[in-house]
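Understanding the architecture of this molecule
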Amino acid sequence: MKMTGADIVIDGLIREGVEVIFGFPGGAVLDLFDRLNKSPLRFILVRHEQGAAHAADGYARSTGRPGVCMATSGPGATNLVTGLATAYMDSVPIVAITGQVPTPMIGNDAFQEADMVGISRPITKYNYLVKNVNDLARIIKEAFYIARTGRPGPVLIDLPKDVQRAVCDNYKYPDSVNIRSYKPVYKGHPLMIKKAVEAIEHAKQPLLYCGGGVIISGASKEVLKLAARCNIPCTTTLLGLGGFPEDHSLALKMLGMHGTQYANYAMHETDLIIAVGARFDDRVTGKIDEFAPNAHGNVIHIDIDPSAISKNIRVSIPVVGDCKEVLREIIKRIKPKKNPKWIAKINKWKKQYPLVYRNDNKLRPQYVIHQLYKITKGNAIITTEVGQHQMWAAHYYTYTKPRTFLSSGGLGTMGYGFPAAIGAQVGNPDRLVVDIAGDGSIQMNIQELATAVMHGLPVKVIILNNRYLGMVRQWQQLFYNKNYSYTCLAPTKDCPPGCTRFIPDFVKLAEAYGAVGIRVTKKAEVIPALRKALRTPRTVFVECMVEEEENVFPMIPAGASVRQMMGGMA
Amino acid sequence: MQHVISVLVENRSGVLSHIAGLFSSRGFNIDSLAVGETQDPTISRMTIIVTGDDKIIEQVNKQLNKLIDVIKVQDITEDEYLDRELVLVKINCTSQTRGEIVQIIEIFKAKIIDVNQKTLTAEIAGPQDKIGAFLDLVKPFGIKELVRTGRIAITRG
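Residues numbered from 1 in each chain as written. Chains lettered and ligands numbered in written order. Predicted model: local features only at pLDDT ≥ 70, side-chain atom pairs only at ≥ 80, totals over all residues. Heavy atoms only, no water.

1. Quick word on the sheet that holds strand E10 (residues 234-236) of chain A
Residue and element names in this part refer to chain A. Pairing within the open sheet is parallel, and its 6 strands lie in the order E11-E10-E9-E12-E13-E14. One side of each edge strand has no neighbouring strand; the edge strands of this open sheet are strand E11 (251-254) and strand E14 (317-320). Each strand of the sheet is rotated relative to its neighbour by a mean of 15°, with strand direction disregarded. Inspection of the sheet shows strand E9 (residues 206-210) paired to strand E12 (residues 272-276) by 5 bridges, in the parallel sense. In the sheet register, Pro-206 faces E12, and the bridge partner there is Leu-272. Here helix H14 (residues 323-333) sits on the sheet in contact with E12, strand E13 (299-303) and E14, set at roughly 135° to E13. (Pairing = 2+ DSSP bridges. Helix = DSSP H or I, 4+ residues; strand = E, 2+ residues; numbered from the N terminus. Axes fitted to C-alpha atoms, helices over the stretch in contact; angles between N-to-C directions. Contact = heavy atoms within 4.5 Å.)

2. Things to note about unusual backbone geometry
With an omega dihedral of 0°, the bond running from A:Phe553 to A:Pro554 counts as a cis peptide bond. Relative to the assigned elements, A:Pro554 resides in the segment after strand E20 (540-545). With phi around 60°, A:Ser310 is a residue other than glycine that occupies positive phi space. By secondary structure assignment, the location of A:Ser310 is in the loop between E13 and E14. Classification of A:Ser310 as buried rests on a relative accessible area of 8%. At B:Lys109, a position not held by glycine, the phi torsion is positive, near 55°. With respect to the helices and strands, B:Lys109 occurs in the loop between helix H3 (98-107) and strand E6 (111-115). You can call B:Lys109 exposed: its relative accessible area is 74%. (Buried < 20%, exposed > 50% of the residue type's maximum accessible area, 1.4 Å probe, protein only.)

3. Quick notes on the side chain of A:Asp281
All names here are of chain A. Summarising the element assignment, Asp-281 is placed in the loop between E12 and helix H13 (282-285). It is Arg-279 that comes nearest to the buried, bridge-free Asp-281 among opposite-charge side chains, at 4.7 Å. Apart from residues no more than four positions distant in its own chain, Asp-281 is found in contact with Tyr-209 and Asn-312. (Lys, Arg positive; Asp, Glu negative; His and termini not counted. Salt bridge = Lys/Arg side-chain N within 4 Å of Asp/Glu carboxyl O.)

4. Quick word on a negative patch on the surface
Residue and element names in this part refer to chain B. A contiguous patch of negative charge, built from Asp-53, Asp-54, Glu-78 and Asp-79, is present on the exposed surface. You can see Asp-54 is positioned in helix H2 (residues 54-66). Among the residues examined, Asp-54 registers a relative accessible area of 60% and is labelled exposed. (Patch = residues over 30% accessible without salt bridge, like charges linked within 9 Å, V, L, I, M, F, W, Y side chains within 5 Å. Areas by Shrake-Rupley, 256 points an atom, 1.4 Å probe, with all protein chains shown as cover. Charge placed at Lys NZ, Arg CZ, Asp CG, Glu CD.)

5. Focus: H14(A)
Because an α-helix packs 3.6 residues into every turn, residues spaced three or four apart end up facing the same way. All names here are of chain A. Considered for burial, the residues of H14 that qualify are Cys-323, Val-326, Leu-327, Ile-330 and Ile-331. End-on view of H14: buried residues confined to an arc of 135°, all on one side of the axis. As for H14, its buried residues are in contact with helix H9 (190-202), helix H10 (212-217), helix H11 (220-230), E12, E13 and E14. (Arc of directions from axis to C-beta.)

6. What about the pairing of strand E17 (residues 433-438) of chain A?
Residues and elements named next belong to chain A. Most of E17 is tucked away, with 6 of its 6 residues classed as buried. Covered by surrounding structure in E17 are Val-433, Asp-435 and Ala-437 together with Val-434, Ile-436 and Gly-438, the residues of both alternating faces. In the sheet, strand E15 (residues 381-384) pairs with E17 via 4 bridges, with the strands oriented parallel. Within the sheet, the bridge partner assigned to Ile-382 lies in E17 and is Val-434.

7. Some points on the domain arrangement of chain B
All names here are of chain B. When the domains of chain B are assigned, the result is domain 1 (2-75) and domain 2 (81-155). Once you take the C-alpha centre of each, domain 1 and domain 2 turn out to be 28 Å apart. Counting from both sides, the interface comprises 7 residues of domain 1 and, opposite them, 6 residues of domain 2. In total, domain 1 and domain 2 occlude about 530 Å² of area from one another, counting both sides; carbon and sulfur atoms represent 57% of this. A per-residue breakdown of the area domain 1 buries against domain 2 is headed by Val-4, Ala-34 and Thr-47, which together make up 58% of the total. Where domain 1 packs against domain 2, one counts 0 salt bridges. Where domain 1 meets domain 2, there are 1 residue pair in polar contact (both at pLDDT 80 or more). (Domains from an automatic or database assignment. Buried area = accessible area lost by both parts, 1.4 Å probe. Polar contact = N/O pair within 3.5 Å; in protein donor to acceptor, adjacent residues only side chain to side chain.)

8. Digging into the environment of A:Arg467
Residues and elements named next belong to chain A. For Arg-467, the location among the structural elements is in the loop between strand E18 (460-465) and helix H20 (470-479). For the pair formed by Arg-467 and Ile-382, sequence separation is 85 residues and the distance between their alpha carbons is 22 Å. Beyond its immediate stretch of four places on either side in the chain, Arg-467 contacts Asp-439, Thr-487, Cys-488, Leu-489, Ala-490, Ile-503, Met-545, Val-546 and Glu-548.

9. Here's the deal with the interface of chain A and chain B
Taken together, the contact between chain A and chain B spans 19 residues of the former and 20 residues of the latter. Summed over both sides, the interface of chain A with chain B buries roughly 1,600 Å², with 45% coming from carbon and sulfur. It is A:Arg121, A:Tyr126 and A:Arg180 in chain A that bury the most area against chain B; as a group they hold 37% of the surface buried on that side. At the junction of chain A and chain B, the tally comes to 3 salt bridges. Put simply, A:Arg314 and B:Glu58 hold a salt bridge, and the shortest N to O gap is 3.4 Å. Broken down by class, the residue content of the side of chain A that touches chain B amounts to 6 nonpolar, 5 polar and 8 charged. (Nonpolar A, V, L, I, M, F, W, Y, C, P; charged D, E, K, R; others polar.)

10. Digging into the pairing of E14(A)
Residue and element names in this part refer to chain A. Residue alternation in E14 divides its side chains into a buried set, Ile-317 and Val-319, and an unburied set, Pro-318 and Val-320. Sheet analysis places E13 next to E14, joined by 4 bridges and oriented parallel. In the strand pairing of E14, Ile-300 is matched with Ile-317.

11. Overview of a nonpolar patch on the surface
All names here are of chain B. Taken together, the side chains of Leu-86, Leu-88, Ile-113 and Val-147 make up a nonpolar region of the molecular surface, amounting to roughly 290 Å² of accessible area. Note on placement: Leu-86 falls in strand E5 (residues 81-92). When its relative accessible area of 34% is taken as the criterion, Leu-86 is described as partly exposed.

12. Digging into a positive patch on the surface
On the surface, a cluster of positive charge is contributed by A:Lys377, A:Arg531, A:Lys532 and A:Arg535. Within the fold, A:Lys377 resides in the loop between helix H16 (365-376) and E15.

13. What to know about empty space enclosed by the protein
Regions of empty space are outlined by a rolling probe, equal in size to a water molecule, passed over the atoms. Residues and elements named next belong to chain A. Applying the stated criterion across every chain yields a total of 3 cavities of 30 Å³ or more. Counted as a void, the largest cavity has a volume near 160 Å³. Considering the residues around the largest cavity, the lining is formed by 20 residues, among which Val-284, Thr-285, Phe-291, Ile-556 and Val-562 are closest to the centre. Within the residue set of the lining of the largest cavity, elements represented by two or more residues are helix H12 (261-269) and H13. The element that contributes the greatest number of residues to the lining of the largest cavity is H13, accounting for 4 residues. Looking at side-chain class alone, the lining of the largest cavity contains 10 nonpolar, 7 polar and 3 charged residues. (1 Å grid on protein atoms, 1.4 Å probe; cavity = no way out; pocket = protein on both sides within 12 Å on 5 of 7 lines; lining within 4 Å. Points joined across faces, edges and corners; volume = space filled by probe spheres on them.)

14. Focus: the layout of surface pockets
Considering only enclosed or pocket space, the second largest pocket measures out at about 1,100 Å³ in volume. Elements with a minimum of two residues in the lining of the second largest pocket: helix H5 (81-89) of chain A together with helix H1 (15-25), H2 and strand E4 (70-75) of chain B. Looking at which element gives the most residues to the lining of the second largest pocket, the answer is H1(B), with 5 residues. Across the lining of the second largest pocket, the residue classes break down as 19 nonpolar, 11 polar and 11 charged.

Following this line, the structure appears as structure tokens:
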């Protein structure tokens with residue numbers, strides 16, 4: 001069949017099961033856009049391309065299906081970069097389609113030209129510059145295949161304008177993919193599985209340590225089954241939240257820099273780490289030489305990406321494969337077991353060092369999140385920006401199901417949460433989606449208010465406004481002698497007259513965009529305000545004027561060990 | 001320790017920059033890299049010489065394997081292999097020194113490929129120790145220019 005490049009893209013996306021594209025038009029994608037509004041594909045028009053990439057990411061993380069974003073050449077494409085890097089760090093399947101100047105002009109410094117395959121190389125799983133329209137169908141097929149298989153990640157297709165217009169004489173969308181150099185391994189090696197089973201059976205103080213891989217592979221049930229059968233406590237990383245039900249008696253919640261004390265003590269004392277889809281990153285391990293000293297290298301590491309294994313710490317039993325398949329094989333072979341002494345020890349820590357905040361009559365940020373959890377009964381999809389509010393969202397909302405906590409863990413991208421919430425809402429129209437934000441982060445992609453309102457997306461944004469870039473301020477307080485260099489966003493009572501620091505009025509701002517704004521200044525107003533927000537079937541900003549210098553605890557300073565953990569309350 | 005890593009990759013534009021980019025972004029040091037088509041024109045072979053401890057080399061292997069365009073990675077350092085490098089060297093010479101230089105070239109079975117009043121250009125191919133010894137001997141005459149291909153290697157049998 002004869003078809004133009006632009007038509008092949010539309011047809012390919014439909015055949016890949018895509019229902020929605022997040023994007024922004026421009027000169028180099030005019031041909032694509034000429035087909036888009038006549039196609040059955042839904043298009044969400046963002047106000048900045050970074051928003052498109054994060055929205056595609058939020059869509060993908062919340063649904064498990066690849067997210068698609070589209071931008072024009074040059075600045076449109078470079079605006080996707082932060083979103084692609086965010087998705088790459090957290091292994092999120094995205095297919096990004098960017099326009100490019102016509103092939104004869106590539107390399108001529110043409111108007112709106114940027115070398116996108118060059119720029120995106122280190123932040124995508126793979127990328128393509130399409131030079132021939134006859135390759136296009138295969139490339140689209142491969143892009144989706146690469147994005148969602150193995151360790152997922154973003155794939156970029158750079159599509160020159162003349163290729164969009166060119167005609168392919170015998171178009172046929174391929175049925176299958178065969179990339180000889182890309183064959184992800186899903187089944188674990190039987191010998192390693194046997195060793196893993198033996199190690200678990202011999203361990204006296206085993207600990208499950210689950211990362212985002214558990215959620216990606218859909219292995220939550222298997223993790224729970226293994227934990228329950230062999231009485232193994234389970235801690236998760238930030239990206240693993242929701243991978244293990246936090247209301248379960250074996251749950252230790254998050255570990256690491258801002259993890260619970262009991263999770264970190266458990267990691268310190270365990271004699272066998274069972275890492276599932278996690279990568280021992282520095283926010284988890286702290287000082288690597290003092291990490292998990294009692295395990296003595298007794299580590300089972302299950303991951304689909306061989307390069308994640310033995311990268312940061314030595315692993316005794318590497319199992320390359322899909323978390324779900326490997327855990328199933330382990331469960332099949334393993335005998336039930338009790339670890340009463342170990343569990344007793346853990347329960348003692350849990351009792352002795354619970355997560356706490358000062359619950360006085362002041363408006364504390366943790367209280368807001370705790371109430372949100374109670375009101376929503378844990379049934380919301382929570383997204384976050386990056387900073388203190390992100391950690392409080394991890395602490396005081398209890399996650400029991402996978403794909404309910406979406407946060408930029410690896411890259412730590414401020415401005416992620418709001419567009420991600422938009423993407424999650426598009427993918428889950430019947431769910432409640434709440435972005436927990438700070439007054440700093442929300443301003444990084446605030447323009448997406450227009451997107452949410454225009455598309456009628458009832459996303460709720462809770463802004464914990466402490467008038468500071470709080471996480472950086474906390475570090476300045478603790479490690480830089482309270483030198484609050486450029487982290488204060490609004491005048492405080494200590495400011496000299498004429499201080500020009502400024503934060504917009506988020507309530508008026510929401511209203512100016514046609515959304516609903518609610519301000520909370522007292523503790524007593526929190527519950528009614530949250531209830532009102534959740535009742536309102538529109539985009540709502542809830543601005544909570546919380547305590548200014550609240551800190552996130554527990555905390556292990558960067559590069560320190562569990563011995564230097566600061567516990568307690570703010 | 002120096003490792004010889006032999007990599008089969010898709011013969012496509014952009015693959016070399018993917019590999020070079022991997023080394024720079026992960027902080028690995030390439031000592032040399034040689035690339036060329038194999039008997040299958042859709043596949044290229046890269047011979048990469050890289051220095052690092054076991055942990056670094058393990059990551060180099062895994063990260064190379066992770067690249068979509070990489071078909072096969074072999075660390076052949078511990079295998080029996082043959083390696084060669086081709087070197088072109090322009091040496092300062094005068095009528096007094098020319099004879100001595102020519103002698104050295106003959107001993108090493110190198111080849112003279114250009115000669116004029118002031119310089120003599122030699123071509124030498126061989127394993128590292130031979131090239132090293134040759135260069136050590138001609139160095140005192142003054143090396144004006146040195147061009148090396150980087151090592152290529154093949155396993156025995």
